[in-house]
Amino acid sequence: MSGDGNKKQFWKRNTAKVPGNIQHVYGAQHPPFDPLLHANLMKAGNKPLSTTTPGKPKKATTFQEFESITSDAWDVGDDDDELLAMAAQNLNIEVVMETANKVIENHSKLQERRQQQMEKMTEPEEKDREEAQEEEEEPDEEDEREEGAEMTTDLSFSLETLPLSDNRMVKSHSEAPVGSPKEVGVEQAALHRQQSLPHRPVIPLVARMADQNTSGTPAMTQREASRLDKFRQVLAGPNTDLEELRKLSWSGIPRQVRPITWKLLSGYLPANAERRESTLQRKRQEYFGFIEQYYDSRNDEHHQDTYRQIHIDIPRMSPESLVLQPKVTEIFERILFIWAIRHPASGYVQGINDLVTPFFVVYVFEYIEEEVENFNVSSLQEEVLRNIEADSFWCMSKLLDGIQDNYTFAQPGIQRKVKALEELVSRIDENVHRHMQQYEVEYLQFAFRWMNNLLMRELPLRCTIRLWDTYQAEPEGFSHFHLYVCAAFLVRWRKEILDEKDFQGLMILLQNLPTMHWGNEEVSVLLAEAYRLKFAFADAPNHYKR
């Protein structure tokens, strides 16, 4: 493309087949405003600017050269231009203005109606439903004529997903009794449109932990059912193929088989199926032997500080609806105290308490169908609670065995990982790294918690459990792969980070990242990017050292 002629020929040649050929985007100003097509919409005072300025040479400016070269990129065929010209001829400014005013007026009315609905949501649910039905049975005819079916659809959408203060969902008008066939048709159309659009359900903080196979969710897809069958086939053999189980688990573990899979991948249970029951009995008895031997010493002078710190930290954990149940608090206190007594090199360190929760929740799901956030754990049988407690203790111990240098004196493991994170980010996204340096943000100020708590304070619990599926499957997942997950997690927020222009704003962002509504999709993308980084840097660490 040495000259202007060649550049024009590029667009004119086989326009319809050019990759990335631009199509009409209605609602935006497309094609760009063309005086030839829109001449009848313009008054004398709204004439388009001339391509040349009077009194100056007619030579085009740089921008005009660019415009003349690329203007035909918008062309999609002479037939489309003729249709647009015909449509423009039929328009009238007065009609356009009248229509625009009516749209604005209708929008204002819709906003008022939505505001009224919001106010009604604060009232008791019984009264709210009655008022909603009355509005459906006695609609304002004039408003109905002006707003039409589209406005009804929008209103039903807004009501469909409006949560009450007690986290219950208000049903849309499409599910309520209606008074006329016309209203039935409009609302069925709205429901059909809603079902046809991509829709993401509102996910509770703890419920629907990590996959779409939990209770209260839609039936499994064929792919999900196929994956579950593959897991069951691998687990059904007399000797489980752990390597195959890891490959399957990397992309997430179905809830139905997650407890047994975690126990196998963590090394708590043997691969041989015949030995599993005896191993469980032996390990559970061993744990409660520790309880009898050590737990009464929690108030002794040399142990009381440890127990006191555990007792203070547990109510700070999440989810509160689970952890603050007295029975759960007792279980967590015993697990953490026994672990601290048996590991004097580190003892109890704040952050270890968070690592109990995912194991406990997953092993509770082995015995219940409903979601744990509203479940009364004390309603389980005592023997079941003892099994959950012992299994959680041993699996947490297996995890901590691989990262114990994170919690020994001065926490050298975390210090090294934060330094490695800084070096890695400086290589993969220098702009983010320099931006934080410019505003004197130290990685240790925000990434210490990422390493200490394994991102549990940054992600909802359902995402943590999905993340740990992969950590269990990945060699050295908690001790090594986590570094690359943290790097991918930081770079994921590059736009938000670069938008902050002071130290305070950056720290507030990095300590309160907006992940509350994250689900499987976001975690899967994060893990894929982390794997890419590991593939590029893990076996060549000098690549990310300057």
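Note that the structure is a prediction, hence the values are computed from the model and not measured.

(A) Inspection of the pattern of salt bridges at higher detail. Evaluated as defined, the whole model comprises 18 salt bridges. Glu286 is the partner of Lys283 in a salt bridge, and the nearest nitrogen-oxygen pair spans 3.7 Å. Note that Lys283 and Glu286 are positioned in helix H11 (residues 276-294) at a spacing of three residues, about one turn of the helix. Residue classification places Lys283 among the buried residues on the basis of a relative accessible area of 16%. Since its relative accessible area comes to 30%, Glu286 is described here as partly exposed.

(B) How the structure looks around the nonpolar core. Core analysis: the biggest nonpolar cluster contains 114 residues, and Met396 and Trp468 have the highest contact counts within it. Both domains that meet at this core, namely domain 1 (226-402) and domain 2 (412-539), each give it at least three residues.

(C) Quick look at the side chain of His433. Structurally, His433 is set in helix H18 (residues 430-438). His433 gets classed as buried once you look at its relative accessible area, which sits at 9%. The residues touching His433, leaving out its near neighbours within four places in the chain, are Glu422, Val425, Ser426 and Tyr443.

(D) Just the packing of helix H14 (residues 326-342) against helix H16 (residues 382-401), in detail. One way to put it is that H14 packs onto H16 with a least axis distance of 10 Å and a crossing angle of 40 degrees. If you check the angle between H14 and H16, you find them oblique. H14 and H16 meet at a crossing whose hand is right-handed. Residue-level contacts link Lys327, Ile331, Arg334, Ile335, Leu336, Ile338, Trp339 and Arg342 of H14 to Glu382, Leu385, Glu389, Ser392, Phe393, Trp394, Met396, Ser397 and Leu400 of H16. Classifying every residue of the contact of H14 with H16 gives 10 nonpolar, two polar and five charged.

(E) Quick peek at the confidence of the model for the protein chain. For the protein chain, per-residue confidence averages 75 on the pLDDT scale, and residues scoring 70 or more make up 62% of the total. By mean pLDDT, helix H6 (residues 141-160) is the weakest element of the protein chain at 41, and helix H10 (residues 258-265) is the strongest at 97. This model gives residues 1-60 a pLDDT under 50, and the stretch forms 51 contacts once residues within four places in sequence are excluded. Between residues 136-187, whose pLDDT stays under 50, and residues either more than four places distant or in other chains, the model counts 74 contacts.

(F) The arrangement of the packing of aromatic side chains in detail. As enumerated under the stated definition, the model contains 24 aromatic pairs in all. Pairing Tyr295 with Tyr307 gives two aromatic rings, centres 6.4 Å apart and planes at 80 degrees, and the pair type is edge-to-face. One end of the pair, Tyr295, is in the loop between H11 and helix H12 (304-313); the other, Tyr307, is in helix H12, with 12 residues separating them in the sequence. Residue Tyr307 is classed as buried on the basis of its relative accessible area, which comes to 15%.

Criteria and cut-off values
Residues numbered from 1 in each chain as written. Predicted model: local features only at pLDDT ≥ 70, side-chain atom pairs only at ≥ 80, totals over all residues. Heavy atoms only, no water. Salt bridge = Lys/Arg side-chain N within 4 Å of Asp/Glu carboxyl O. Helix = DSSP H or I, 4+ residues; strand = E, 2+ residues; numbered from the N terminus. Buried < 20%, exposed > 50% of the residue type's maximum accessible area, 1.4 Å probe, protein only. Core = buried A, V, L, I, M, F, W, Y, C linked by side-chain atoms within 4.5 Å. Domains from an automatic or database assignment. Contact = heavy atoms within 4.5 Å. Axes fitted to C-alpha atoms, helices over the stretch in contact; angles between N-to-C directions. Parallel < 35°, antiparallel > 145°, perpendicular 65-115°, else oblique. Left-handed = near helix turned anticlockwise from the far one by under 90°. Nonpolar A, V, L, I, M, F, W, Y, C, P; charged D, E, K, R; others polar. pLDDT = per-residue confidence, 0-100. Phe/Tyr/Trp six-rings, centres within 6.5 Å; stacked < 30°, edge-to-face > 60°.

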